[in-house]
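Residues per chain are reported as follows:
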Number of protein chains: 2
Amino acid sequence: MKQVASHKCSSHDHTQPLSELLQVTLFQGCDPSFLQKLEVAGITHRFSKNHVVFMQDDLCEWFYVIRSGWIKLFRQTLDGDEVIIDILPAGKVFGETDIFDNRLYSCSAEVVQDAEVIAYPISMLRNEIATNQAFSMKMLKHVVQGQREKDKEIEHRTIQNAPQRLGCFLLRLIPAKKAGPIMLHLPYDKTLIAGMQSETFSRALARLKEDLNLKVRGSTIEIESMDALITYTCSACSNVYPCED
Amino acid sequence: MKQVASHKCSSHDHTQPLSELLQVTLFQGCDPSFLQKLEVAGITHRFSKNHVVFMQDDLCEWFYVIRSGWIKLFRQTLDGDEVIIDILPAGKVFGETDIFDNRLYSCSAEVVQDAEVIAYPISMLRNEIATNQAFSMKMLKHVVQGQREKDKEIEHRTIQNAPQRLGCFLLRLIPAKKAGPIMLHLPYDKTLIAGMQSETFSRALARLKEDLNLKVRGSTIEIESMDALITYTCSACSNVYPCED
């Protein structure tokens, strides 16, 4: 794996090869020779907050796996407003589906908390999909799974109120089957959480404090009862807690 | 193509074989022998409004192409609220991505305007994907395209106000590059349009009447200027009119 000084690259731990790729379900159980080729071609970047990884409609030459930090995917309307499509944590992949048509990125990607990401050539992914039937099926399954997550997001943006969306965001930060009390640190700028405006976020948090006895100190939140949070949040969702994704 | 009396099937016009399948981009340019096998296995159903085609979590045994009418895809929250994921017109396919995992439908499907649909065995689709690399790529492209449309839906539900969402809905009913004035009939129950509540719809329509000089008589809407409607609606969208989908 190469390191690019111009991007302040991290030193990569070669005693754990493939570890980032194997965090992504898409690459689990893949042909080892394909993974090794990807690994060799991978370039580690360390990006600061606000760095733009790529812009919507840029030519897609790389896809990325997040080693640490958080990445925001967004689109801009003709009026110049920004719409957050997703905010991704470590272990997630992005840019990997922009392999068809004009091969342009379908959204922009920006760092919202200092991040280390590994860039892999999209041409290698495209080639493996076109020539390896088993991997092509894995990719199809991966994209279908992504579509299910988007259905859930459409559902949440339609039916959940702001406190429930914030509750859902908090639940995703907590490993499943923890009972509480639980202490959480908000992972990035709270004006971005759950795609809310800053005032909406403040009102939603105040409501959760009152209804569920949450304790808040700066960016730290203490949750007394997981059951209460789950009941409050997941009643306005078609999925049963814990979510599969 | 078989016809099932219990579903009040239509007579099928055998002088135009494959016409429904070839309306769907996924099947254009496919192996003719695969299309013929699908065609022979297809069963035409004529369903009345409110008929439930399948329920979320039913075993997925069929996928469907819509010949006429409109089909609503929806999910239900644990609280029993219904969330509309999409409402599909003639020429669209549904149920075709539920081929993995437990092979259960990921949403429910209900007829919102009397419909004629053709059911094809999902096992034949699954088999073609698993054995035909070229078709597997077509399916992948189809699902990626579906994901882009969902990104746009997430964007719209986040940033467009109700009059803009109604405007977007109207624009989709009009063939591209028509200048206006244009006379439109709302295609189904207006309480379902653009996923809005009935009162929201009424307020949105009143706003469009005022701002864009729309004339409304029952379910018929006359649009004076397409340019005005496009400017009003598409400024709050990241896509340029006309949409590719």
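Residue positions are given per chain, counted from 1 along the sequence in the order it is written. For this description, chains carry letters from A and ligands carry numbers from 1, given in the order in which they are written. For this predicted model, a pLDDT threshold of at least 70 governs which residues receive local features, and a threshold of 80 or more governs which side-chain atom pairs are given and counted, while totals over whole chains, interfaces and linings are taken from all residues. Hydrogens and waters are ignored; side-chain quantities use all the structure's heavy atoms.

### Quick word on the interface of chain A and chain B
Between chain A and chain B, the residue contacts involve 47 residues of the former and 47 residues of the latter. Both faces considered, chain A and chain B share a buried interface measuring about 4,400 Å² in area, 62% of it formed by carbon and sulfur atoms. For any pair of parts, buried area is found by adding up, for both, the accessible area (1.4 Å probe) each one loses once the two are put together. The largest share of the area that chain A buries against chain B comes from A:Phe100, A:Leu140 and A:Ile154, three residues that together contribute 14% of it. Whenever Lys or Arg places a side-chain nitrogen within 4 Å of a carboxyl oxygen from Asp or Glu, that contact is recorded as a salt bridge. Linking chain A with chain B are six salt bridges. A salt bridge links B:Asp151 to A:Lys150; its shortest N-O distance comes to 2.7 Å. Whenever two N or O atoms come within 3.5 Å, that pair is a polar contact, provided that in protein one can donate a hydrogen and the other can accept it, and provided that, for residues adjacent in sequence, both atoms are side-chain atoms. Our enumeration of links across chain A and chain B arrives at 30 residue pairs in polar contact (both at pLDDT 80 or more). The numbering of helices and of strands both runs from the N terminus, where a helix is a DSSP run of H or I of at least 4 residues and a strand a run of E of at least 2. For the side of chain A that touches chain B, the secondary structure elements donating two or more residues are β4 (62–76), β5 (82–88), α3 (122–131) and α4 (133–159) of chain A. It is α4(A) that provides the largest number of residues to the side of chain A that touches chain B, a total of 20 residues. Residue polarity is assigned by list, with Asp, Glu, Lys and Arg as charged and Ala, Val, Leu, Ile, Met, Phe, Trp, Tyr, Cys and Pro as nonpolar; anything else, Gly included, falls into the polar class. Residues of the side of chain A that touches chain B, tallied by class, amount to 18 nonpolar, 16 polar and 13 charged. Here, residues are in contact when the closest pair of their heavy atoms is within 4.5 Å.

### Considering the nonpolar core
Grouped together as the largest cluster of nonpolar side chains are 82 residues, with contacts concentrated most on A:Phe27, A:Phe94, B:Phe27 and B:Phe94. In contact with B:Phe94, other than residues within four places in its own chain, are B:Val53, B:Phe54, B:Phe63, B:Tyr64, B:Ile66, B:Ile71, B:Leu73, B:Leu88, B:Ala109 and B:Val117. For our purposes a nonpolar core is just a set of buried Ala, Val, Leu, Ile, Met, Phe, Trp, Tyr and Cys residues, chained together by side-chain atoms within 4.5 Å. Think of it in three bands: residues with accessible area under 20% of the maximum for their type are buried, residues over 50% are exposed, and the middle band is partly exposed, with areas taken using a 1.4 Å probe on protein chains only.

### Notes on the environment of B:Leu170
All names here are of chain B. Locating Leu170 in the fold gives a position in helix α5 (residues 162–172). It is 27 Å that separates the C-alpha atoms of Leu170 and Thr97, two residues lying 73 residues apart in sequence. If we skip the residues at most four places from it in the chain, Leu170 touches Leu184, Leu186, Leu208, Leu214, Ile221 and Leu229.

### Re helix α7 (residues 226–234) of chain B
Residues and elements named next belong to chain B. Along α7, the residues that are buried comprise Met226, Leu229, Ile230, Tyr232, Thr233 and Cys234. One side of α7 carries all its buried residues, which in axial view fall inside an arc of 165 degrees. Of the exposed residues in α7, those oriented more than 90 degrees away from the buried face are Asp227 and Thr231. Summarising the geometry, the arc corresponds to the directions from the helix axis toward the C-beta atoms.

### Quick word on the relation of the copies chain A and chain B
Of the transformation superimposing chain A on chain B, the axial component is 0.0 Å and the angular component is 180 degrees, with the fit at an RMSD of 0.0 Å. What the rotation and shift describe, once combined, is the action of a two-fold rotation axis. To superpose the copies, least squares is applied to the C-alpha atoms of every residue with a pLDDT of at least 70 in both.

### Regarding the domain arrangement of chain A
Residues and elements named next belong to chain A. Here chain A is described as being made up of domain 1 (2–149) and domain 2 (160–234). Using C-alpha coordinates to define each centre, domain 1 is positioned 28 Å away from domain 2. Domain 1 puts seven residues into the contact, and the matching count from domain 2 is six residues. At the boundary of domain 1 with domain 2, total buried surface from both sides reaches about 550 Å², with 73% on carbon and sulfur atoms. Residue ranges assigned to the domains are those given by an automatic or database domain assignment.

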